Amino acid sequence: MSRRHAAAASLALFDGAAVIDPGHRIAGVDEAGRGPLAGPVAVAAVVFDPQRPRLNGLDDSKQLTAARREQLHDRILDRALAWHVVLVDVEAIDRLNIYQATLQGMRDVVAAVAHVAGFARIDGNVVPKGLVLPAQALVGGDGIDRAIMAASILAKVSRDRYMLDLHARHPQYGFDQHKGYGTPAHLAALREHGPCAEHRRSFAPVRECLEAPPAGAAAIAIA
């Protein structure tokens, strides 16, 4: 499905009878890090002033290099009328499940920017219940809507920075390379060392490692 068709198809995904007022400032909302085996899920909201010139270079964060995301991150903070990022921690992910933890993060960031926005536009096909603003879910929104693009960049950069800090504390897992995703290298490190406190116990590969002794420990026992 093309981005334009995705946008058209998603117009029906409103929360109730919400209608966009052309005069409303829109909060774009996106997340980063739902799939990894470790670390938080980052959720961001960005509100731009429609009266100011557009910020050039925005795109889906996945289409940008890490260096370009870092450059745009600071420009977004400078240009945004309001922005907010939350890192939903592993404890909440394991307690609520990753889906519900992400929705809670969306509620939190929308509430944080609601003082300057009249409407929220969320990447995906679900409008979380309990938002303080009327909202629209926009399938493929991180490649269509500029505020969502900006939110995706803030979420991605914030989470990547967190994972680099986590790497400094637990270098044996290689978080600086895979950012917690289930790559072969990460899975091998999990098997060798077992999970750390930042691994998501509710995710099957981590749970399986908890049920079996780390490979390193088994090797020591055999010796």
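Residues numbered from 1 in each chain as written. Predicted model: local features only at pLDDT ≥ 70, side-chain atom pairs only at ≥ 80, totals over all residues. Heavy atoms only, no water.

**Things to note about helix 7 (residues 184-193)**
- When helix 7 is considered as a whole, its buried residues turn out to be His186, Ala189 and Leu190. Down the axis of helix 7, the smallest arc covering the buried residues is 105 degrees, so these residues share one side. Counted as exposed and oriented over 90 degrees from the buried face of helix 7: Pro184 and Ala185.
- Its buried side turned inward, helix 7 meets helix 6 (175-178) and helix 8 (204-211).
- Positive backbone phi, approximately 75 degrees, marks glycine 194, located one or two places after helix 7. (Buried < 20%, exposed > 50% of the residue type's maximum accessible area, 1.4 Å probe, protein only. Helix = DSSP H or I, 4+ residues; strand = E, 2+ residues; numbered from the N terminus. Arc of directions from axis to C-beta. Contact = heavy atoms within 4.5 Å.)

**Observations concerning the UniProt feature "binding site: a divalent metal cation" (unreviewed entry) in the protein**
- Here, the residues flagged by UniProt with the feature "binding site: a divalent metal cation" (unreviewed entry) are Asp30, Glu31 and Asp123. Taking the farthest pair of C-alpha atoms as the criterion, the annotated set spanning 94 residues converges on one region, since that pair is 8.2 Å apart.
- Looking at where aspartate 30 falls in the secondary structure, it is placed in strand 1 (residues 26-32).
- Apart from residues no more than four positions distant in its own chain, aspartate 30 is found in contact with Ala42, Val43, Ala44, Asp123, Asp142, Ile148, Ala151, Ser152 and Ala155.
- Along the chain, glutamate 31 falls in strand 1.
- For glutamate 31, the residues in contact, after removing those within four places along its chain, are Val41, Ala42, Val43, Thr102, Met106 and Ala155. (UniProt positions renumbered as here; feature names shortened; annotations may be inferred.)

**A word on the pairing of strand 4 (residues 119-123)**
- Across the five residues of strand 4, five count as buried, placing the element largely inside the fold.
- The alternating pattern of strand 4 places Phe119, Arg121 and Asp123 and Ala120 and Ile122 on opposite faces, both of which are buried.
- Of the strand pairs in this sheet, strand 1 and strand 4 are connected by four bridges, and their pairing is parallel. Paired with valine 29 across the bridge in strand 4 is isoleucine 122.
- Examined bridge by bridge, strand 4 and strand 5 (residues 135-138) share four bridges and lie parallel to one another. (Pairing = 2+ DSSP bridges.)

**A look at the side chain of aspartate 60**
- As for its placement among the helices and strands, aspartate 60 is situated in the loop between strand 2 (41-47) and helix 2 (66-79).
- Its relative accessible area of 6% is what places aspartate 60 among the buried residues.
- Apart from the residues lying within four places of it in its own chain, the contact partners of aspartate 60 are Asp142, Gly143, Met149 and Ser152.

**A short note on the nonpolar core**
- Core analysis: the largest hydrophobic core is formed by 32 residues, its most contacted members being Val29 and Val47.
- Taken together, the elements giving at least two residues each to this core come down to strand 1, strand 2, strand 3 (82-88), helix 3 (90-96), helix 4 (98-113), strand 4, strand 5 and helix 8.
- Of all the elements, helix 4 adds the most residues to this core, at seven residues.
- Discounting residues that sit within four places of it in the chain, valine 29 has contacts with Val43, Ala44, Ala45, Met106, Val109, Val110, Arg121, Ile122, Asp123, Ile148 and Ala151.
- Ala32, Ile76, Ala150 and Leu154 belong to the second-largest nonpolar core, a separate cluster that totals 19 residues. (Core = buried A, V, L, I, M, F, W, Y, C linked by side-chain atoms within 4.5 Å.)

**Digging into the pattern of salt bridges**
- Inspection of every chain in the model, using the stated rule, returns seven salt bridges.
- Notably, a salt bridge pairs lysine 62 with aspartate 60, separated by 3.2 Å at the nearest N-O pair.
- With relative accessibility at 61%, the residue lysine 62 sits in the exposed group.
- With its nearest N and O atoms 2.7 Å apart, the salt bridge here joins glutamate 70 to arginine 161. Taken as a pair, glutamate 70 in helix 2 and arginine 161 in helix 5 (residues 146-169) lie far apart in primary sequence, 91 residues in all.
- On the accessibility criterion, glutamate 70 (32% relative accessible area) is partly exposed. (Salt bridge = Lys/Arg side-chain N within 4 Å of Asp/Glu carboxyl O.)

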